[in-house]
Amino acid sequence: MKKSNDSKVTEFVLLGLSSSWELQLFLFFIFLLFYMTVILGNLLIMVTVRADAHLLQSPMYYFLGHLSFIDLCLGCVTVPKMLRDFLQQGKIISFSGCLTQIYFLHFLGANETFLLTVMAYDRYVAICNPLHYLTVMNRQLCFQLVFTCWFGGFIHSISQVTLVIQLPFCGPNELDNFYCDVPQVIKLACMDTYVVEVLMVSNSGLLSLICFFVLLFSYAIILTTLRTRFHQGRSKALSTCASHLTVVSLIFVPCVFIYLRPFCSFSVDKIFSVFYTVITPMLNPLIYTLRNADMKRAMKKLRKKYAAFFFHSKG
């Protein structure tokens, strides 16, 4: 344990996913594959949306492009450090590095939470008020909603860092995870953390739970509207809603499980952490492309365009 002269902890030891060297090597290659999928999958969606004029003009794909950018960044917050730690015995992170991880994890996580709520509103307008959809969801409103998501993520992350930075750390410095997060860090503080943990639940936990219920309620209204009013285009709308609900479940279930229960920890916490920081950013591109005819058409068009350019340049 490294301490400064005034006995304050200056670094933390991450216990990681395993202490077995053989298992760590195996996990390194598995998570390297996951990381490459996160990078390439989300980049592909961003490039496809940017390159296709039809998709770029659609509010839904405008938001999807931003979601992919968030997932791309979210995958870079924890995975590179985890991959490096798999190949060395000492898994050390400085106090400032720990705060940086917490900041960006919550900045991007809250941003994604708000953006998914915005995407649910977008689907609500598109399905329940289709004649006025483009008028309501104009480009200015879309920009304002995205800006609000980023600003909300900033406010949330600053509040999380503020909870941690004021705590005294003078004793144990082992974090039972592969990255720094508020629930594990505050348990190491040399003080009674009851109030801090309640504030964490009030902030991250209730935020996740409220947004989750708002999303479920929104999609319940959408599905009811589809069943009672519309027949034409119902399958396409249902497919889109199913994709969104799948992503919402993958993100919010781990968040609610991790942040809505203070004062205790479980052995499955690391599994939920992996889902939140690695699996969900990896699966989002697959979910949105495999079930989306417009995205598959745009990707096929993009592939033909670059193939023609490649053969033309060689010729």
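Residues numbered from 1 in each chain as written. Predicted model: local features only at pLDDT ≥ 70, side-chain atom pairs only at ≥ 80, totals over all residues. Heavy atoms only, no water.

Q: Describe the sheet that holds strand E1 (residues 11–14), listing the residues and the values that go with them.
A: Within a beta sheet, neighbouring strands are joined by backbone hydrogen bonds and run either parallel or antiparallel to one another. Spatially, 3 strands are ordered E2-E1-E3 in an open sheet, and the strand pairing comes out mixed. Of all the strands in the sheet, the pair left with one neighbour each is strand E2 (92–94) and strand E3 (174–175). Bridge count between E1 and E3: 2 bridges; the pairing is parallel. Across the sheet, Leu14 pairs through a bridge with Leu175, a residue of E3. In the packing of helix H4 (residues 95–128) onto the sheet, contacts are made with E1, E2 and E3, and the angle to E2 comes to roughly 85 degrees. (Pairing = 2+ DSSP bridges. Helix = DSSP H or I, 4+ residues; strand = E, 2+ residues; numbered from the N terminus. Contact = heavy atoms within 4.5 Å. Axes fitted to C-alpha atoms, helices over the stretch in contact; angles between N-to-C directions.)

Q: I'd love a proper account of empty space enclosed by the protein, names of residues and values included.
A: With the rule as written, the count across this model stands at 3 cavities of 30 Å³ or more. Space inside the largest cavity adds up to approximately 110 Å³. Taken together, Leu105, His106, Gly109, Ala110, Thr113, His156, Ser204, Leu207, Ser208, Cys255, Tyr259 and Tyr276 form the lining of the largest cavity. With 5 residues, H4 is the largest single contributor of residues to the lining of the largest cavity. Broken down by class, the residue content of the lining of the largest cavity amounts to 6 nonpolar, 6 polar and no charged. (1 Å grid on protein atoms, 1.4 Å probe; cavity = no way out; pocket = protein on both sides within 12 Å on 5 of 7 lines; lining within 4 Å. Points joined across faces, edges and corners; volume = space filled by probe spheres on them. Nonpolar A, V, L, I, M, F, W, Y, C, P; charged D, E, K, R; others polar.)

Q: So what about the packing of H4 against helix H6 (residues 139–165)? Which residues, and what values?
A: Direction vectors running N to C along H4 and H6 enclose 145 degrees, while the axes themselves pass 7 Å from each other. The element H4 and its partner H6 pack so that their crossing is right-handed. Class assignment of the residues belonging to the contact of H4 with H6 gives a composition of 18 nonpolar, 7 polar and no charged. (Left-handed = near helix turned anticlockwise from the far one by under 90°.)

Q: Run through a nonpolar patch on the surface, naming residues and quoting values.
A: A cluster of nonpolar side chains, contributed by Phe143, Phe147, Phe151, Phe154, Ile155 and Ile158, occupies part of the molecular surface with about 610 Å² of accessible area. With respect to the helices and strands, Phe143 occurs in helix H6. (Patch = residues over 30% accessible without salt bridge, like charges linked within 9 Å, V, L, I, M, F, W, Y side chains within 5 Å. Areas by Shrake-Rupley, 256 points an atom, 1.4 Å probe, with all protein chains shown as cover. Salt bridge = Lys/Arg side-chain N within 4 Å of Asp/Glu carboxyl O.)

Q: Can you lay out the packing of H6 against helix H8 (residues 194–228) for me, pointing to particular residues and giving the numbers?
A: In the contact formed by H6 and H8, the axes pass within 11 Å of each other and the chain directions differ by 160 degrees. Accordingly, the angle class assigned to the pair H6 and H8 is roughly antiparallel. Here the hand of the crossing between H6 and H8 comes out left-handed. Taking contact as the criterion, the partners of His156, Ser159, Gln160 and Leu163 in H6 are, on H8, Val196, Leu199, Met200, Asn203, Ser204 and Leu207. (Parallel < 35°, antiparallel > 145°, perpendicular 65-115°, else oblique.)

Q: Let's hear about the state of the cysteines: which residues, and what values?
A: Counted under the stated rule, the structure contains 2 disulfides. Each disulfide pairs two cysteine sulfurs, and for Cys98 the partner residue is Cys180, the sulfurs being separated by 2.2 Å. Taking the sign of the S-S torsion, -115 degrees for the link of Cys98 and Cys180, the bridge is left-handed. Pair noted here: Cys98 is in helix H4 and Cys180 is in the loop between E3 and helix H7 (182–186), with a separation of 82 residues, a long-range link. With respect to burial, Cys98 and Cys180 carry one shared label: buried. A sulfur-sulfur distance of 2.2 Å marks the disulfide that ties Cys170 to Cys190. One end of the pair, Cys170, is in the loop between H6 and E3; the other, Cys190, is in the loop between H7 and H8, and 20 residues separate them in sequence. (Disulfide = S-S within 2.5 Å. Buried < 20%, exposed > 50% of the residue type's maximum accessible area, 1.4 Å probe, protein only.)

Q: Describe the nonpolar core, naming the residues involved and giving the relevant values.
A: Judged by nonpolar contacts, the single largest core of 89 residues is most densely connected at Phe12, Phe63, Leu116, Phe169 and Val185. Tallying contributions element by element places H4 first for this core, with 17 residues. Setting aside residues no more than four positions away along its own chain, Leu116 makes contact with Leu67, Leu215, Val247, Val248, Ile251, Phe252 and Tyr288. (Core = buried A, V, L, I, M, F, W, Y, C linked by side-chain atoms within 4.5 Å.)

Q: So what about the environment of His156? Which residues, and what values?
A: Inspection of the secondary structure puts His156 in helix H6. Residue classification places His156 among the buried positions, given a relative accessible area of 7%. Counting along the chain gives 20 residues from His156 to Val136, while the straight-line C-alpha distance between them is 28 Å. For His156, the side chain forms a polar contact with the side chain of His106, separated by 3.1 Å. (Polar contact = N/O pair within 3.5 Å; in protein donor to acceptor, adjacent residues only side chain to side chain.)

Q: Describe H6, listing the residues and the values that go with them.
A: Helical geometry note: an α-helix holds 3.6 residues per turn, so side chains three or four residues apart project in the same direction. Look at H6: 39 Å from first C-alpha to last across 27 residues, which is about the 39 Å you get at 1.5 Å a residue. Of all the residues in H6, the buried ones are Cys142, Val146, Cys149, Gly152, Gly153, His156, Ser157, Gln160, Val161, Leu163 and Val164. Looking at the buried positions of H6, the neighbouring elements they touch are helix H3 (59–86), H4, H7 and H8. If you check the start of H6, you find a side-chain oxygen 3.2 Å away from the backbone N of Gln140, and it comes from Asn138. (Expected span 1.5 Å × (residues − 1).)

Q: Which residues make up the side chain of Ser208, and what are the values?
A: Topologically, Ser208 is positioned in helix H8. Dropping the residues within four chain positions of it, Ser208 is found in contact with Phe252, Cys255 and Val256.

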